[in-house]
Amino acid sequence: MSDGPTYGFDTLQIHAGARPDPATGARQTPIYQTTAYVFRDADHAAALFNLQEVGFIYSRLTNPTVAVLQERIATLEGGVGAVCCSSGHAAQIMALFPLMGPGCNVVASTRLYGGTVTQFSQTIKRFGWSAKFVDTDDLDAVKDAIDENTRAVFCESIANPGGYVTDIRALADVADAAGIPLIVDNTSATPYLCRPIEQGATLVVHSTTKYLTGNGTVTGGCIVDSGKFDWSANDKFPSLSEPEAAYHGLKFHETFGPLAFTFHGIAIGLRDLGMTMNPQAAHYTLLGIETLSLRMERHVENARKIAAWLEADDRVDYVTYAGLPSSPYHDRVQAQYKKGAGALFTFAVKGGYDACVKLVNSLEIFSHVANLGDARSLIIHSASTTHRQLTPEQQEAAGAGPNVVRVSIGIEDADDLIADLDQALAKASA
Ligand SMILES: *Cc1c(COP(=O)(O)O)cnc(C)c1O
């Protein structure tokens, strides 16, 4: 099928990037379980290695199954190209890699997935990079944090641990004015609920591990490029605008135009960092994406019902779900997240730490796991698990106080989930 702009989301989530297998006619995208690809002749091989012709060389760089997934996610996000890799965290490193160098920094939202906070505050220092964390609702603070060594602004659309949505348009304007790209982690929203590129983002990253795959089977990541950023407008992005020694002085931006970032991600990023997605993982994620819109609708519908039920319950202190009318972000949801505020939120249980532990232990349908975005409903008590090593003040700041649990609402029957929470809250408050 040719992916005309006239097709709707539900059509594109099934067809974009895929065509019947040219060799066999196989209708479903085959798993091309191969490491290497035979060159037609020596000239063909030379042209591929010189980036003069696009094709398959070796599966650390490209693979036909993974390529279908890349095109599908790029299409759903409204980008020009995408690079898949082995996990969401790999995607974040791969997104920053062409932009950063020793001494460079990224200005990042304080409201991020815990693992990203660790990656940005600790691990990237080993590359000579650093992160400055700011409250992205305070646009002046974002402007103040950007200095001459800042190479990107980073946020999540619907942010962890839930209950917060970012004003992407406002943040994109600040990044634009500074001549740097805005990178949006769109994992919790998915392109069904939010399309950051339409709001001005330059790059979108995903943990495909979560909603895109949708059933907790494989880890994966993806970086989507809007193709709209002028990498040559200033001297901040030499990896994309200056000659690349490893390709005989080729300049990525000059040669590949709007696809510069995507080509760099494959030809340098995957080639040398090797954080490659395998074709089995791409297959599972392709299957998942076929039902993305249907699942997201049910995730949101269930989350709305359950958040409202919890908010009205005496055993619960408060619920932070941006989809509730009581949320301070309700207006922003109405304006920028019209299809809903996702299915990730936290609630505070009267009785504090001990009640939370009892609640988690008593649930029967909800699974106690460190994951989100599964068809199954999931719960975690951050203070006794992922945020255990933090001080009480740090836990509080991260929205992971001792009295708070985070839920990722699945697509089961909402009434069953409510009954499960009801019986577990009864035990927790006994
Ligand atoms: C899970 C997650 C990540 C990390 O992804 P992995 O696939 O686990 O490496 C990054 N951002 C968000 C919002 C996530 O939920």
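Numbering of residues begins from 1 in every chain and follows the order in which that chain's sequence is written. A pLDDT threshold of at least 70 governs which residues receive local features in this predicted model, and a stricter bar of 80 or more applies before side-chain atom pairs are shown or counted, although totals over entire chains, interfaces and linings include all residues. Only hydrogens and water are set aside when side-chain values are computed; all heavy atoms of the structure are taken into account.

Asker: Sorry if this is basic, but what is going on with the domain arrangement of the protein here?
Answerer: Where each domain begins and ends is defined by an automated method or by a domain database. Domain annotation for the protein reports domain 1 (9–288) and domain 2 (292–428). Relative to domain 2, the C-alpha centre of domain 1 lies at a distance of 29 Å. A buried area of about 2800 Å², summed over both sides, lies between domain 1 and domain 2, and 55% of it is on carbon and sulfur atoms. By buried area we mean how much accessible surface two parts lose on assembly, using a 1.4 Å probe and totalling the loss over both. The largest share of the area that domain 1 buries against domain 2 comes from Y192, L193 and Y211, three residues that together contribute 28% of it. A carboxyl oxygen of Asp or Glu within 4 Å of a side-chain nitrogen of Lys or Arg is what we treat as a salt bridge. Connecting domain 1 to domain 2 are one salt bridge. A salt bridge links R332 to D137; its shortest N-O distance comes to 2.8 Å.

Asker: I would appreciate a short explanation of helix α5 (residues 114–121) in the present structure.
Answerer: An α-helix turns once every 3.6 residues. As a result, residues three or four positions apart point the same way. Remark: exposure states derive from per-residue accessible area (1.4 Å probe, protein chains only) relative to the maximum for the residue type, with buried under 20%, exposed over 50%, and partly exposed in between. Under the DSSP-based scheme used, a helix requires at least four consecutive residues in state H or I and a strand at least two consecutive residues in state E, with every element numbered from the N terminus. The set of residues buried in α5 consists of T116, Q119 and F120. An end-on view of α5 places all buried positions within 90° of arc, on one side of the element. Tucked into the core, α5 has its buried residues touching α4 (88–96), β2 (105–109), β3 (130–134) and β4 (150–156). Relevant arc is that of directions from the helix axis to the C-beta atoms, nothing else. A contact between two residues is defined here by any heavy atoms of the two lying within 4.5 Å.

Asker: Hey, could you run me through the layout of surface pockets in this one?
Answerer: Remark: the empty space left among the atoms is shown by a probe the size of a water molecule rolled over them. In this analysis the probe radius is 1.4 Å and the grid spacing 1 Å, with only protein atoms considered; a cavity is a set of points the probe fits into but cannot get out of, a pocket is an open set with protein on both sides within 12 Å along at least five of seven lines, and lining residues have an atom within 4 Å of a point. Grid points are joined across faces, edges and corners, and a volume is the space filled by probe spheres set on the points. A volume near 1100 Å³ is recorded for the largest pocket. Along its surface, the largest pocket is lined by 43 residues, and L112, P161, H387, A398 and G399 are the ones closest to its centre. Contributions of two or more residues to the lining of the largest pocket are made by α5, β10 (316–320), α16 (392–397) and β14 (404–408). Of the residues forming the lining of the largest pocket, the biggest block, five residues, is contributed by α5. Ten residues, namely Ala, Val, Leu, Ile, Met, Phe, Trp, Tyr, Cys and Pro, are considered nonpolar, four, namely Asp, Glu, Lys and Arg, are considered charged, and the remaining ones, Gly among them, are considered polar. Residues belonging to the lining of the largest pocket are distributed by class as follows: 18 nonpolar, 21 polar and four charged. Reported here for the second largest pocket is a volume of approximately 960 Å³. Taken together, 37 residues form the lining of the second largest pocket, with V54, G55, F56, T62 and A67 sitting closest to its centre. Taken together, the elements giving at least two residues each to the lining of the second largest pocket come down to α2 (42–49), α3 (64–77), β1 (81–85) and α11 (260–273).

Asker: What is the right way to read the sheet that holds strand β13 (residues 378–380) from this model?
Answerer: Sheets are built from strands that pair by backbone hydrogen bonding, the pairs being arranged parallel or antiparallel. Across the sheet, five strands lie side by side as β10-β11-β14-β13-β12; this open sheet has mixed pairing. Only two strands of the sheet have a single neighbouring strand rather than two, namely β10 and β12 (367–368). Pairing between strands is defined by DSSP: at least two bridges between the two strands are required. Across five bridges, strand β11 (residues 344–349) lies against β14 in antiparallel orientation. The partner of T346 across the bridge, within β14, is R406. With axes taken as lines fitted to C-alpha atoms, and helix axes fitted only over the stretch in contact, angles between N-to-C directions fall between 0 and 180 degrees. Contacts between helix α15 (residues 352–362) and the sheet are confined to β11, β12, β13 and β14, with β11 contributing the most and set at about 125° to the helix.

Asker: Is there a simple way to think about the packing of aromatic side chains in this case?
Answerer: Each aromatic ring pair is specified by the distance between its two centres and by the angle formed by the two planes. Pairing of aromatic rings covers Phe, Tyr and Trp, the last counted by its six-membered ring, and requires centre-to-centre distances within 6.5 Å; plane angles under 30 degrees mean stacked, over 60 mean edge-to-face, and any other angle means tilted. This model, assessed by the stated rule, comprises 14 aromatic pairs. Between the aromatic rings of F120 and F154, the centroid separation amounts to 4.9 Å while the plane-to-plane angle is 75°, which identifies the pairing as edge-to-face. Pair noted here: F120 is in helix α5 and F154 is in strand β4, with a separation of 34 residues, a long-range link. With respect to class, F120 is no different from F154; both count as buried. Ring centres 4.1 Å apart and planes at 5° place the aromatic pair F256 and F263 in the stacked group. Side by side, F256 and F263 carry an identical accessibility label, which is buried. Among the aromatic residues, those joined into a ring-pair cluster are F229, W231, F237 and F261.

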